[in-house]
Structures are given as structure tokens and as C-alpha cells.
Amino acid sequence: MRTFGVEEEFLIVDPHNGTPLPLAADLLCLHGQSGQAVDRSGQPMLAVELHQEQLEVITHPHSSLDGLAAEIRAGRALADSLARQAGARIAALATSPLAVTPHSTSNDRYDLLLEKYALTAREQLTCGCHVHVSVGSDEEGVAVLDRMRSWLPTLIALSSNSPFWNGTDSGYASFRTQAWNRWSTAGPTDVFGSAQAYHSLVADLSDTGVVINPDFDARLSARHPTVEIRVTDVCLDPRDTVLIAALVRALVETAAREWKAGQAPDMVPAVILRQATWQASRWGIEGELLHPMTHTPDTARHVISALHDHVLDALRESGDAAYVEESLHRILSSGTGASRQRQAHDRNGRLADVVTHAIDLTHQETTDPSGHARTSSTADLAA
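Rules and cut-offs
- Residues numbered from 1 in each chain as written.
- Predicted model: local features only at pLDDT ≥ 70, side-chain atom pairs only at ≥ 80, totals over all residues.
- Heavy atoms only, no water.
- Core = buried A, V, L, I, M, F, W, Y, C linked by side-chain atoms within 4.5 Å.
- Buried < 20%, exposed > 50% of the residue type's maximum accessible area, 1.4 Å probe, protein only.
- Helix = DSSP H or I, 4+ residues; strand = E, 2+ residues; numbered from the N terminus.
- Contact = heavy atoms within 4.5 Å.
- Expected span 1.5 Å × (residues − 1).
- Pairing = 2+ DSSP bridges.
- Salt bridge = Lys/Arg side-chain N within 4 Å of Asp/Glu carboxyl O.

Some words on the nonpolar core
Now for step 1: Counting 61 residues, the largest nonpolar core has Leu-155, Leu-158 and Leu-247 as the members making the most contacts within it.
Now for step 2: Among the elements that line this core, the one with the most residues is helix α9 (residues 238-260), at 12 residues.
Now for step 3: Contacts of Leu-247, omitting those with residues within four sequence positions, involve Leu-155, Leu-158, Leu-307, Val-311, Val-324 and Leu-328.

Structure (C-alpha cells):
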């Protein structure tokens, strides 16, 4: 069974007016650490991000969906308990609904990013969800990247949770995707073909002097024996995070099996995949998407069904099939985080209400993949 883990980025917000607050360093100080993630006896790990208005929560590797789901809930509860001590809350919003001027985190890496990328870095207050899945080698990892890239825009649609940007409705379901793609290497990649070709391209990019670390949609991790899938918004509902993680692991397993069976990757150019990414970012699940197999428009329901069918064997073997099927039906019926944010705004026309509603959903009672009701609280940390 492949192990997998999740990195979620959250906004630190004022619970009364919804404004993002630059308190990340303070929260980590309350936790007894600086900016680096510290492993503490199985607790979720915390880390600073580019701006002080956001906090990253990192799980450990897990082999079961139940275990990962429990740590996702525990991580949100831990971050929120620290925020409460500072008079703030944690909200799973991929962009701030209210206008904000971010306060940058100062360290060698982020100082270099800010100097090199200027306004792109200064405005990049975006919160994503990154999923790591174990691979046996760089060769297998690159083969996986080559064979799952066409399916990644569907994950953007399912996770879309950033309709507002700087005080206005952007018109997009995932405007975070638009903001993120301003980085020089962000977005889909062409087929690499081999680990050697992958590493050669990374070295060539580094030699340009422009790139510090490639921000590909999916890449080999520089620190872990994993592939890292980086396309999704942080999910408002923790159940959606669990769903995305299950789908990503199944995509990795399916791609690895295709590689071992000698199946060639889809050679669709990256520029076509960029159109699929844009379409998913614009509409989420409320408009047409580009079908991952034909690269032509189709209904979101058909595209999501195709993704489900593509990974179904892997989901059944991991024991995740029932949870994924139920979760996909729930999202298709109730909507993504983007639609829930817009619904919250439409009630009274107040962006602050969007944030208040998001706080509640970030920490709502959930049901774990085995069907047991759970409530996110600091009590989870002792479990």
C-alpha cells in the first residue's frame, strides 16, 4: 500500500470582521517552535509560509485513509487552538475574500523570492493543498507524472475554493489557480520520458537564474521519496481534503501500473493541458470541463465520472472506493467550497460572513472514511 500525506495551508483570520491577520510567527511561538516544521510524537506539524497571514499544517505519511483523515482533523484543530489563544481563527480559504496587503515572512528563501518575483510574490496570499504519495524510485515517479498529468485539472475543479480576490467576486471557482500560475514554472508540463530527462530539465531551469525551485503542477519531492501533486485549493470541508488525497493516491497507483504494463503516456501538449487547467479554474464543477481522454469539452459530471472509472480498481484495492463514491456524489449535489462561499455571500452581501461561514465549515463535525462521526477538537490530538 502506497503511503500518502497532505500539506494544507490556512488563513489566519479575525473571527469578527474576516480580515487576515499576520500572526503565523506568534502561533508558532505559542507552539514552542520557529518557522521550521517540528515532528512532535505523531502530532501534525506546523510551518510558516510566504506570508504571515497563513499557516501550513503537515501530516505524517499514512497507509490508510482513516489514519490520514484523523490527522487532517487533528491538524486543523491544533492550528485553530493556537489561533484562538491569539484572538484569531483558522479558515480553510484558498484566497482571502476581503482585500488584504500581506505581510511577508522574512528568511533567506522567502527574501530571495520576494526580491526576484516582486509583485507576484508580494500578492501571493494563496492557500493550497499538496498531496505526497510514495514511489519506489525517481524512474517510477517520473513515469507517474507523465501518465497522470491529464487528470489533474479535474482535481482543480473538485477542490475549487477561491471565488473571491481582494474584495470582489473574481468570476472564477479557483482564482488561486490563476494567481499561482503567475510563477514562472507553474502549470502543467510536457511528458518527460525518463528520470534523467526530468532532472536535466530541472538543472537547465536552475541554470537560467530565474528558477529557485520548479513549481510544476506535479513534481518529484526534493525531500521525500514521493511525487507531490500541487494543483488543488485548500478545501473548505475536511472531507474534501480526504477525497482529494484518496483520488491522488489512486491516480499514482493507476499510473504506475500503466507504466509497468508498458502503456505509453498521453502525449497531449502542455499548452492544451493549460486550457484544461484554465477551464477548471474558471468553472469548477458548474460548467464544462475538458475531458482528460479526448481534451474536448464535456460536462463536469461526465469528466468526474471518467476520473472515478479510471482509478476504480486502485480505489477498490486500497479500500477507499466507498468513501470516494459517496464524497463525489456529495460534491456534485452540494457543491464545492467556491459555491458554498458564494452562497454565504449572497445571504447578506457581506464578505465577512463568507469568512465566518468558512471558519465553521473548516472545523465542522465530519464522518471519517469508516463511517464514524467525529468532531474536530483538540481532544483529537490525544487520540
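On we go.
Focus on α9
Now for step 1: Here α9 spans 34 Å end to end across 23 residues, near enough to the 33 Å set by a 1.5 Å rise per residue.
Now for step 2: Of all 23 residues in α9, 18 are buried, a share of seventy percent or more.
Now for step 3: After α9 finishes, the residue Gly-262 shows a positive phi value of roughly 85 degrees.

Things to note about the pairing of strand β2 (residues 45-48)
Now for step 1: Going residue by residue along β2, you find Met-45 and Ala-47 tucked away on one face and Leu-46 and Val-48 tucked away on the opposite face as well.
Now for step 2: Taken together, the four bridges between β2 and strand β3 (residues 54-58) define a ladder with antiparallel strand orientation. What sits directly across from Ala-47, in β3, is Glu-56.
Now for step 3: The antiparallel hairpin formed by β2 and β3 contains five residues in its connecting segment.

Quick word on the pattern of salt bridges
Now for step 1: In total, this model carries 20 salt bridges according to the counting rule given.
Now for step 2: Between Asp-237 and Arg-340 there is a salt bridge, with its nearest N and O atoms 3.7 Å apart. Of the two residues, Asp-237 sits in the loop between β9 (226-233) and α9 while Arg-340 sits in helix α13 (residues 337-348), which places them 103 residues apart along the sequence. Taken individually, Asp-237 and Arg-340 each receive the classification buried, so the pair is uniform in this respect.
Now for step 3: Between Arg-350 and Asp-353 there is a salt bridge whose closest N-O contact spans 3.2 Å.
Now for step 4: On the accessibility criterion, Arg-350 (43% relative accessible area) is partly exposed.
Now for step 5: Beyond isolated ion pairs, a larger network of salt bridges with shared partners links Arg-2, Glu-140, Glu-253, Arg-257, Lys-260 and Glu-317.

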